[in-house]
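For reference, the chains in residue letters:
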Amino acid sequence: MPATGGHTRPGPTGPPAGSAAIGQDDRVRTVEEHQAVVAALLAPLGEEEVPVAAAHRRVLARDVPAAVPLPGFDNSAMDGYAARSADVAALPVRLPVADDIPAGRTGVLPLAPGTVQRIMTGGLLPPGADVVVPVELTDAATDVVEIRDAPTAGTHLRRAGEDITAGTVALEAGSPLGAAQLGLAAAVGARTLWVRRRPRVLVLSTGSELVEPGEPLLPGQVYESNSLLLCAAVEDAGGTARRLHFVPDDVDQFLATVRAELADADLLVTSGGVSAGAYEVVKDAFRTLGTVEFVKVAMQPGGPQGAGTVDGVPVVTLPGNPVSSFVSFEVFVRPALRRALGHAAPGRLRAPAELTAPLRSPAGRRQFLRGRYDAGRVSQVGGPGSHLVAHLARANCLVVVPEDVTELPAGAPVDVVLIEGALQ
Ligand SMILES: Nc1nc2c(c(=O)[nH]1)N[C@H]1C(S)=C(S)[C@@H](COP(=O)(O)OP(=O)(O)OC[C@H]3O[C@@H](n4cnc5c(N)ncnc54)[C@H](O)[C@@H]3O)O[C@H]1N2
Ligand code: MOO
């Protein structure tokens, strides 16, 4: 039975059985240490062969050699007349049109001296031709053409193999497959591609305050949003997400939900229930189960973290504040998933930027502020609060402020991580 605000948390009289006392016993890790722990959880994913069209947004697992050169043959770049440059050196000139070569004609005759052949863009160049005169420079006749002007030898020709030669690698293993890459795969004759299997990621939000969006909301309750956010982030990273119905802060319900699905997953990502309070369901459930270690990472947002395995399946437990969930996923889960997918470049694009206004940052923690980046300059979007989800939605980058920096003036150089939407 899904929990839409059904409370298992106790009233003010006392905690439920199994809940922990408020405590601050977590070890502290650096961002890099926790990144390494999360990355080590995920083994490289297997390979599968799929039709080229189905490989969109996948990651290539094996090199694709070019079965044919590109272009595959010398051909015309323009609609016009294939000519010998010596015949069009003195202008104007009238020359007989010996043949007609539309694109797709597979056999052509050599070009006899003193003649031209009408040719269309992509048409097979007749042997002997070394220039194409665009139709605009002629009277466009089909029997005897008058050529008023002509480009120099070699112009408007596309040479066999000038883009890629046969047998060389057209696409390298580890390449993300977007529109251009699928186009190239087809252009060199591939019908199928070997890609990495997509990681199957379970996403589970926890919290007795959570309510399904669209349902009535009472004071103290919030609409559940992290599972939507995290599932979309999983898909963006190349995984397939399965969104489990959120659970209240009830260890038994949490574990029953997790264990019903865990066997078929490559990763479980939870949100909420990992800080220092009395009702930390994720911590309470996993403390005595599996190898999940709960730590504090020296960053903001995203301080409270956990990672390990349960029933042999990798588990990453993210903090519940929506911005913390988002940033934690960006910093720890996304690169680990992309590494498991064999991505040549698992990290986001980063860019140097100039701050438009001063900012402050806590000592000892790497801060990932939300920002808007444009043309080398970045402005902070909202404050550092990890509940500012509306501001997050307007950001296109994370501004990285190192652990030892507590304030920066306007104009200071910073490093930004470009997130979704940054290039749009
Ligand atoms: N005494 C301390 N308190 C807190 C600490 C600490 O170190 N000591 N850390 C703070 C930090 S930092 C964070 S981040 C949060 C993380 O807490 P939890 O992971 O246990 O998350 P919750 O308490 O369950 O929720 C936090 C916040 O986020 C809202 N939330 C949670 N899940 C969702 C969801 N699925 N959709 C929308 N909103 C969600 C929740 O209502 C809370 O407002 O702990 C701090 N406290
Ligand atoms: O570290 Mo928490 O993740 O700031 O909000």
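Taking an unreviewed UniProt entry as the reference, the protein chain is identified by name as Molybdopterin molybdenumtransferase belonging to Geodermatophilus saharensis. Recorded under Function (unreviewed entry), the UniProt text for the protein chain is reproduced unchanged: "Catalyzes the insertion of molybdate into adenylated molybdopterin with the concomitant release of AMP." Looking at the protein chain in UniProt, the text filed under Catalytic activity (unreviewed entry) is "adenylyl-molybdopterin + molybdate = Mo-molybdopterin + AMP + H(+)".

Mind showing me how you'd approach the UniProt feature "domain: MoaB/Mog" (unreviewed entry) in the protein chain here?
Summarizing the sequence annotation, UniProt attributes the feature "domain: MoaB/Mog" (unreviewed entry) to residues 202–339 in the numbering used throughout. As annotated, residues 202–339 comprises 33% helix and 27% strand, and the C-alpha atoms at either end are separated by 18 Å.

Please clarify how unusual backbone geometry should be interpreted in this entry.
As a rule of thumb, non-glycine residues mostly have phi less than zero, and peptide bonds are mostly trans rather than cis. A cis geometry characterises the amide bond from Leu 70 onward to Pro 71, with omega recorded as -15 degrees. Along the chain, the position of Pro 71 falls in the loop between strand E3 (64–65) and strand E4 (75–76). A cis geometry characterises the amide bond from Gln 300 onward to Pro 301, with omega recorded as -5 degrees. Within the fold, Pro 301 resides in the loop between strand E19 (299–300) and strand E20 (304–310). Backbone geometry at Arg 57 places phi at a positive 70 degrees, although glycine is not the residue there. Following the sequence through the fold, Arg 57 ends up in the loop between strand E2 (47–51) and E3. Under the C-beta neighbour-count criterion, Arg 57 is labelled partly exposed, with 15 such atoms within 10 Å.

When you look at helix H2 (residues 179–187) in this model, what are you seeing that I'm missing?
Along H2, the residues that are buried comprise Gln 181, Leu 182 and Ala 185. For H2, the angular spread of the buried residues around the axis is 100 degrees, confining them to a single face. Seen from the buried face of H2, the exposed residues on the opposite side, beyond 90 degrees, are Ala 179, Ala 180 and Gly 183. Check the buried side of H2 and you find it contacts E3, strand E11 (169–171) and strand E12 (192–196). Directly beyond the C-terminal end of H2, a positive phi value near 95 degrees is found at Gly 189.

Got a minute to help me understand the site of ligand 1 in this structure?
Neighbouring ligand 1 are 24 residues; Asn 226, Gly 272, Ser 275, Pro 319 and Gly 320 lie closest to it. Its residues assigned to classes, the shell around ligand 1 comprises eight nonpolar, 13 polar and three charged.

What exactly am I supposed to notice about the packing of helix H3 (residues 226–236) against helix H6 (residues 322–340) here?
In a packed pair of helices, the relevant descriptors are the angle between the two axes and the axis-to-axis distance. Between H3 and H6, the shortest axis-to-axis distance is 10 Å and the interhelical angle comes to 25 degrees. Taken together, the axis directions place H3 and H6 in an arrangement best described as roughly parallel. Crossing geometry of H3 relative to H6 is assigned as right-handed. Of the residues in H6, those touching H3 at Asn 226, Leu 229, Leu 230 and Ala 233 are Pro 322, Ser 325, Phe 326, Phe 329 and Arg 334. Residues that form the contact of H3 with H6 fall into these classes: six nonpolar, two polar and one charged.

Explanation requested: the domain arrangement of the protein chain in the structure shown.
It is common to give the size of an interface as the accessible area that goes away when the parts come together. For the protein chain, the domain assignment lists domain 1 (27–45 + 198–340), domain 2 (47–70 + 162–196), domain 3 (75–158) and domain 4 (350–418). Computed over C-alpha atoms, the centres of domain 1 and domain 2 are 34 Å apart.

Help me understand the site of ligand 2 in this model?
Gln 300, Pro 301, Gly 302, Gly 303, Pro 319, Asn 321, Ser 324 and Ser 386 make up every residue found near ligand 2. Residue composition of the shell around ligand 2, by class: two nonpolar, six polar and no charged.

I keep staring at the sheet that holds strand E13 (residues 200–205) and nothing clicks. Help me out?
Through backbone hydrogen bonds, the strands of a sheet pair up, either in parallel or in antiparallel fashion. Taken in spatial order, the seven strands line up as E1-E18-E20-E21-E17-E13-E16 in an open sheet, and their pairing is mixed. Taken across any chain shown, the strands that pair with only one partner, and hence form the sheet edges, are strand E1 (27–29) and strand E16 (240–243). The sheet shows a mean angle of 30 degrees between the axes of neighbouring strands, taken without regard to direction. Pairing of E20 with strand E21 (residues 313–318), which is carried by five bridges, proceeds in the antiparallel orientation. Residue pairing across strands places Val 310 opposite Val 313, the latter belonging to E21. Contacts from helix H1 (residues 31–41) reach E1, strand E18 (293–297), E20 and E21 within the one sheet, and its direction differs from that of E20 by about 25 degrees.

Would you mind going over the sheet that holds strand E6 (residues 93–101) with me for this structure?
One open sheet holds the five strands; their spatial order is E8-E5-E7-E6-E9, and the pairing between them is mixed. Two strands bound the open sheet, and with one partner strand each, they are strand E8 (131–134) and strand E9 (144–147). Adjacent strand axes in the sheet meet at a mean angle of 45 degrees when their direction is disregarded. The pairing of E6 with strand E7 (residues 116–119) spans four bridges and is parallel.

Quick question: what am I supposed to make of the environment of Glu 209 here?
Its location among the elements puts Glu 209 in the loop between E13 and strand E14 (210–211). A count of 18 C-beta atoms within 10 Å places Glu 209 in the partly exposed class. Residues Glu 209 and Pro 65, 144 residues apart in the sequence, show an inter-C-alpha distance of 54 Å. In this view, Glu 209 contacts Gly 220, Gln 221 and Val 222; residues no more than four positions away in its chain are not counted.

The rules we used
- Residues numbered from 1 in each chain as written.
- Chains lettered and ligands numbered in written order.
- Predicted model: local features only at pLDDT ≥ 70, side-chain atom pairs only at ≥ 80, totals over all residues.
- UniProt positions renumbered as here; feature names shortened; annotations may be inferred.
- Helix = DSSP H or I, 4+ residues; strand = E, 2+ residues; numbered from the N terminus.
- Buried ≥ 20, exposed ≤ 12 C-beta atoms within 10 Å, placed from the backbone.
- Arc of directions from axis to C-beta.
- Contact = placed C-beta atoms within 7 Å.
- Near = placed C-beta within 6 Å.
- Nonpolar A, V, L, I, M, F, W, Y, C, P; charged D, E, K, R; others polar.
- Axes fitted to C-alpha atoms, helices over the stretch in contact; angles between N-to-C directions.
- Parallel < 35°, antiparallel > 145°, perpendicular 65-115°, else oblique.
- Left-handed = near helix turned anticlockwise from the far one by under 90°.
- Domains from an automatic or database assignment.
- Pairing = 2+ DSSP bridges.

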